[in-house]
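# Tertiary structure, described
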Amino acid sequence: MGAFRLGCEYVLKVMRKERETLLTLLEAFVYDPLVDWTVNDDATALRRSINAKPSASASASNEIKCHKKDKSKNKLQDWDAKKRHLVGKLKQCQKFWSKYKPEILGQLLDMSREIEKLQQIQAQRLTSEQELANLNQRSALISEISSLGSAIESHSFNTASPRYASKRCHTEALARQTTLRQVDYEMVQFLLSQYEKCLQQQQLAEFNVRLIQFKLEGSSWHNEYLALVDVLQLHLPAKTLEGYDNTRSQIDELFGRLSDLGLQCVEHMLQYAVIMSYYPEQRHRENIYVRFHDSFAGYLQNADSDSPPTMTPIDKDCKLSAAETLESVWMDLNCQLHQLTQHFANDQVVAQSHSPSHSLLAAIGQSSCSQSQLNAALIRTLDGATSVFGDYEQSALQAQNIKLGQQQLQFIQLVRSMCQGAVEPLEQANYQLTQLQEALTALVQLQHCFELEVPASIFRLLLLGPNLDHLQALLQLSPETLGDRYNQLVRKQQDQQQQQTMSLTLPLTVEQQFLLSLQPAYAQFDQLVRALERITRIIKLIIDDDPDQSQQCMDLNILKMGRTQLNERLFFELVLQTLRESRSYDVRLMAIPVQGLVQRLQSDYIVGLVSLISYAYYTGCGIRCQDLGGGEDVSQLCDGLFAALQSEASLQQQQFEIALLNQKIETQTLIASAHHWAYGDLLDTELPCGHIISRQKLCEAIYENWQTLDKSSEAMQQLQLQLESKLEQLQSQRSNWNRNHIDSLLRNEELQRQLASDQLKLINELSKCANALCSIEQTGMISQEQQKQTLINMDQWLQAHSKWQSSNSRISDVEQAIVQLLDPEGAIDLSWLTNVQALLEDYTCKVQREISTLECEQQTHHRLICSMLKDMQRQQDNMPRVYLRSLCAEQEDQQQDQGKLVPLDVQLLCGHVRDSQRTLMNFFQRLLDMRKELSSERRDLHPEMLANWQEQLQQIQNIAIHDVDEFFRGVEEFLQHSADSDSLPYETFAHSKGAPNLHEQKRNAYGVSVWKKIRMKLEGRDPDSNQRCTVAEQVDYVIREATNPDNLAVLYEGWTPWV
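Residues numbered from 1 in each chain as written. Predicted model: local features only at pLDDT ≥ 70, side-chain atom pairs only at ≥ 80, totals over all residues. Heavy atoms only, no water.

The number of helices and strands found in the protein chain is 37 helices and zero strands. Looking at the protein chain as a whole, 40% of its 1059 residues qualify as buried. Roughly 59,400 Å² of accessible area belongs to the protein chain as shown, and the carbon and sulfur atoms make up 51% of that amount. (Helix = DSSP H or I, 4+ residues; strand = E, 2+ residues; numbered from the N terminus. Buried < 20%, exposed > 50% of the residue type's maximum accessible area, 1.4 Å probe, protein only. Areas by Shrake-Rupley, 256 points an atom, 1.4 Å probe, with all protein chains shown as cover.)

Put into structure tokens, the structure is as follows:
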């Protein structure tokens, strides 16, 4: 650091400290009437006219003034002439477009049709070329057989005829089975659509919310009904009201029971859906319903498909080891939960034996101490706590305590709670502590993401599949490549959300799904990086503003490290490390990378910040006193308050840890259950299943709930029919005395009937979902004949489909085509080879002639399109030409001579004429570009090229119809409006009567802007007004700008800055 830089920093520090004095002095110049802040010609002329002295040559001055007036009048007449000239040119452009528009649009339409014909011809040509390639393959096979000579009997083609016959037989059998099983396919399709609803957790959550809502509304309407019945007992016979009341009570009871049964069923289905979210997709595809649906749909979509499904082998040893690891992790987490629960119970008992914080706060409020004594006591208590916490940070860092971040957040909250209501910290100190709290929160949340959410995504998408191919593919990537793929995918998702297109999007791959699951963790990482950058800036500002704390701040690691090295690569390197550890199936090992990162961040950036910034927070407006002067009791109360708050915060932290452990145990249980559901029946050794959820028991519980719901729904419908008859009897008892009460009861009954109807619809929809789930899982319905027959039919079709796929794989397309051309009906011989070869030659010649004919047609249409474009280009010669460059130059000269602006209507007309010419020139330029592309030499017309031509022509048509035509339509309306009006405004700004006042306002506004710019520089908010930079950063920026070659190049050479 040189002497010049040190001098700059010293001067800037002094100017910052005395900025109020400097700004006060400069503010007087803003409103000084003798200071002119503007630099235009009008201000110069006005100043000269004010300071001018009377001279003897008055007559000459009068002659000059008269001459200027005459010249001004002549200029007004020139503007009228220019206006008429421009209107005429605008009319010529408008007439040109009106005259040639039908012809141009017609030619564009003809060109579009010609390009469509080219596309059709190209499609036919591609088909013919493909047929020619197939014929060449068949001829090559025949030549191969012929080259064997007498050994042709050894060729595999001798068995092609029976293989083709087998394939044809299986194809016909499958076609018959497909016709018979169409009804079964539609039924299975409906079942799977309902089953998909069962797997959507959001849909099940909506069911749950609606059922709870029905239960609450039913209880409120029932209370209103009871109040009405008490009134009607005075006006109706007891027997009539008793029968209605019994039926109504049964309905209300059944209504509540239906809601409870529905909630229980939704709870079981939600548990099933969560486990199935971890269930491997490949194993789900092996279900007979899913296999039948996918195979049937694929066969209907492409009947010639002959690709059998590939079965992924399963590593039984790997799956058994994974199950044992999941069991061990579950047991370890439960032991931790048991220990933490006991520790929490003991701490809770101890906390109850001490005074709570609210009673201590009340005692402090009732004490007779002064505010200064209270502030001093609080600061003394917090000083001791801050010193102890600083020592704890160092010991926890050495012991690699993973809970250090939570303890730091807890201490910050304790400091805030102690100061609340007693000390009002400065806004700047509050901002500093808030930034530190945000950084620690982001760090803790990042750790939780990599301990819970990221492992759950890895298990769901990568680990529980039959193999680990996707995981191995991700591990082969570098952090940079993984980051690039993540950014591209996120940008693509954001673009789709902004466009909100209704077009169907391709399903996401496993890799893309995993990358999208990283978004919450990446958001926390990004927030952490930004918060640490703000904290670094805050520490530098503390050094500049408070020299007393500069030495303590300079000892912080965050300044020694310099700029934070947290970047995108570090995050994705952490992801890859977690993926490498995930191959052990142990979430404890998966958490090691993020714990190491947290320890490194604590050591490099955070340790020491909590004590420093907390000290600045609570000493913001407190008074430090060595002699409390009778405030010892208050000091003891403050110490007790801090201890009570610390105990309560510790209990809250333990409750949070217990909830987090319960969440981890629940996730581990779901993962282990999905693993057991997928591979439990395939392994010879029985998997440990003490902590898993039984699939059979869960499905049986859903089946029982479904059956009970159906019976209760039928009973509800019968009771409603009975209630209708009771209501008719009740209406027959109407009289003038009870009419109003009966009407109120009927209204209540109508609302309850509507509520019950909505509930039955929801229960019916829930029953359909439960029925589909039980059918797919084959639970409770195996005894039914219809279900058995459906399974038999699906199995028969799948067997026929498997045979058809097998026969397809035994014969190639070339062999099949030759057999179809001439079936040898047994072994092949030389005469058969001769006949087949002759037929292939005939077909080849025929196809070649077709290709030649299509090429000639393509050339003809192509030449026609080029000639049409050439004819359209010739119409540009008739377009009117307007040269506005000389007119604009003349306007600028007159404006500089007289200080007056061009009239607004002339400016508007100039703009219209210029826009009309540019619009037409752009249109013809697009035609010229397309003509150049069509006229370029090329051998083949590819479909992509023809599609590009069609797209370009469509864009040109849109320009002609929307841009050009709409523009000249607006021009026509403008011309009509200008013809109807007699005069247009000629006044400019220089003719305004209030010009002096406006000039003064402009001058003052410009002066204020200059004053504000100086203030921003003195406050350190230059060049970025949203951030306050340090003295060193501002000096660096000024020196960098002063030595920038781009700025030096525009200096006035008369200043000789190089000397």
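All right, on to a nonpolar patch on the surface then. On the surface, a nonpolar cluster with roughly 440 Å² of combined accessible area is contributed by Y10, V11, V14, M15 and L22. Here the nonpolar patch gets four residues from one element, more than from any other, and that element is helix α1 (residues 3–17). Positionally, M15 belongs in helix α1. Given a relative accessible area of 34%, M15 falls into the partly exposed group. (Patch = residues over 30% accessible without salt bridge, like charges linked within 9 Å, V, L, I, M, F, W, Y side chains within 5 Å. Salt bridge = Lys/Arg side-chain N within 4 Å of Asp/Glu carboxyl O.)

A separate point is the confidence of the model for the protein chain. Across the protein chain, the average pLDDT comes to 80, with 79% of residues at or above 70. The least confident element of the protein chain is helix α3 (residues 41–51), whose mean pLDDT is 43; the most confident is helix α22 (residues 568–582), at 93. This model gives residues 37–77 a pLDDT under 50, and the stretch forms 18 contacts once residues within four places in sequence are excluded. Across residues 622–628, where pLDDT falls below 50, the model places 15 contacts with residues more than four positions away in sequence or in other chains. (pLDDT = per-residue confidence, 0-100. Contact = heavy atoms within 4.5 Å.)

In total, this model carries 27 aromatic pairs according to the counting rule given. Between Y185 and F296 the ring centres are 4.6 Å apart and the planes differ by 20°, which places this aromatic pair in the stacked class. With a gap of 111 residues between them, Y185 in helix α6 (residues 182–199) and F296 in helix α10 (residues 288–301) connect regions that are remote in the sequence. Taken together, a centroid distance of 6.4 Å and an interplanar angle of 75° make the contact between Y299 and W797 edge-to-face. Placement of the pair is Y299 in helix α10 and W797 in helix α29 (residues 785–810), with a sequence separation of 498 residues. The pair formed by Y299 and W797 is uniform in burial state, with each residue classed as buried. Taken together, the ring pairs in this structure connect F96, W97, Y100, F923, F924, F967 and F968 into an aromatic cluster. (Phe/Tyr/Trp six-rings, centres within 6.5 Å; stacked < 30°, edge-to-face > 60°.)

As a further point, take the pattern of salt bridges. For the structure shown, the criterion picks out 27 salt bridges. Ionic pairing is found between E657 and K403, a salt bridge with its closest N-O pair at 3.2 Å. Placement of the pair is E657 in helix α26 (residues 632–679) and K403 in the loop between α13 (371–398) and α14 (404–419), with a sequence separation of 254 residues. The class for K403 is partly exposed, based on a relative accessible area of 35%. Here K540 and E1033 are joined by a salt bridge, their closest N and O atoms 3.9 Å apart. In this pair, K540 is assigned in helix α19 (residues 519–545) and E1033 in helix α36 (residues 1031–1042), connecting sequence segments 493 residues apart. In this structure, a network of salt bridges that share partners links the residues K101, D965 and R969.

This paragraph deals with the packing of α1 against α36. At a minimum axis distance of 10 Å, the contact between α1 and α36 shows a crossing angle of 120°. Classed by the angle they form, the pair α1 and α36 counts as oblique. In this structure, α1 meets α36 at a crossing whose hand is right-handed. Mapping the contact onto sequence places F4, R5, C8, E9, L12, K13 and R16 in α1 and V1031, A1032, Q1034, V1035, D1036 and I1039 in α36. Of the residues assigned to the contact of α1 with α36, the class counts are seven nonpolar, one polar and five charged. (Axes fitted to C-alpha atoms, helices over the stretch in contact; angles between N-to-C directions. Parallel < 35°, antiparallel > 145°, perpendicular 65-115°, else oblique. Left-handed = near helix turned anticlockwise from the far one by under 90°. Nonpolar A, V, L, I, M, F, W, Y, C, P; charged D, E, K, R; others polar.)

Let's shift gears to empty space enclosed by the protein. This model, assessed by the stated rule, comprises four cavities of 30 Å³ or more. There is about 60 Å³ of room inside the largest cavity. Lining the largest cavity are R248, I251, Q720, L723, E724, E749, Q752, R753 and A756. Counting residues per element, the ones that place at least two in the lining of the largest cavity are α8 (238–278), α27 (695–732) and α28 (739–777). (1 Å grid on protein atoms, 1.4 Å probe; cavity = no way out; pocket = protein on both sides within 12 Å on 5 of 7 lines; lining within 4 Å. Points joined across faces, edges and corners; volume = space filled by probe spheres on them.)

With phi around 55°, Q400 is a residue other than glycine that occupies positive phi space. With respect to the helices and strands, Q400 occurs in the loop between α13 and α14. Residue Q400 is classed as exposed on the basis of its relative accessible area, which comes to 57%. Positioned with a positive phi, Y585 is a non-glycine residue whose angle comes to about 65°. Relative to the assigned elements, Y585 resides in the loop between α22 and α23 (587–590). Its relative accessible area of 4% is what places Y585 among the buried residues.

Since one α-helical turn is 3.6 residues long, residues separated by three or four positions face the same way. Across its 15 residues, α22 extends 21 Å between first and last C-alpha, which sits within 8% of the 21 Å expected from 1.5 Å per residue. Within α22 the residues assigned to the buried category are L570, F571, F572, L574, V575, L576, T578, L579 and S582. (Expected span 1.5 Å × (residues − 1).)

By the secondary structure assignment, Q194 is in helix α6. Note on Q194: relative accessible area 8%, which makes it buried. If we skip the residues at most four places from it in the chain, Q194 touches K768, C769 and A772.

Let us look at the environment of E944. Take E944: it is sitting in helix α34 (residues 943–980). Taking relative accessible area as the criterion, E944 reaches 60% and is therefore assigned exposed.

On to the side chain of T669, then. As for its position among the elements, T669 is in helix α26. A distance of 2.8 Å separates a polar atom in the side chain of T669 from the backbone oxygen of I665. Apart from the residues within four sequence positions on either side, T669 is in contact with W330, H691 and I693. (Polar contact = N/O pair within 3.5 Å; in protein donor to acceptor, adjacent residues only side chain to side chain.)

All right, on to the environment of A165 then. Take A165: it is sitting in helix α5 (residues 160–180). For A165, a relative accessible area of 34% translates into the label partly exposed. Between the alpha carbons of A165 and S807 there is a distance of 9.5 Å; along the sequence they are 642 residues apart.

At a closest axis distance of 10 Å, the pairing of helix α15 (residues 427–463) and helix α24 (residues 592–606) adopts a crossing angle of 165°. As far as their axial angle goes, α24 and α15 are roughly antiparallel. Relative to α24, the crossing made by α15 is right-handed. Taken together, the residues of α24 that come into contact with α15 (itself represented by L440, L443, L446, Q447, F450 and E451) are V594, Q595, V598, L601, Q602 and I606. Taken together, the residues of the contact of α15 with α24 sort by class into eight nonpolar, three polar and one charged.

The next subject is the nonpolar core. Within the largest apolar cluster, 175 residues are counted, with the highest numbers of intra-cluster contacts made by M269, Y272, F450, F459, F514, F571 and L579. If you tally residues by element for this core, the top one is α26, at 18 residues. The contacts of Y272, once residues within four sequence positions are left out, are Y195, L199, W677, R695, L698, C699, I702, L773 and E777. M111, L946, I959 and F968 belong to the second largest nonpolar core, which has 31 residues in total. (Core = buried A, V, L, I, M, F, W, Y, C linked by side-chain atoms within 4.5 Å.)

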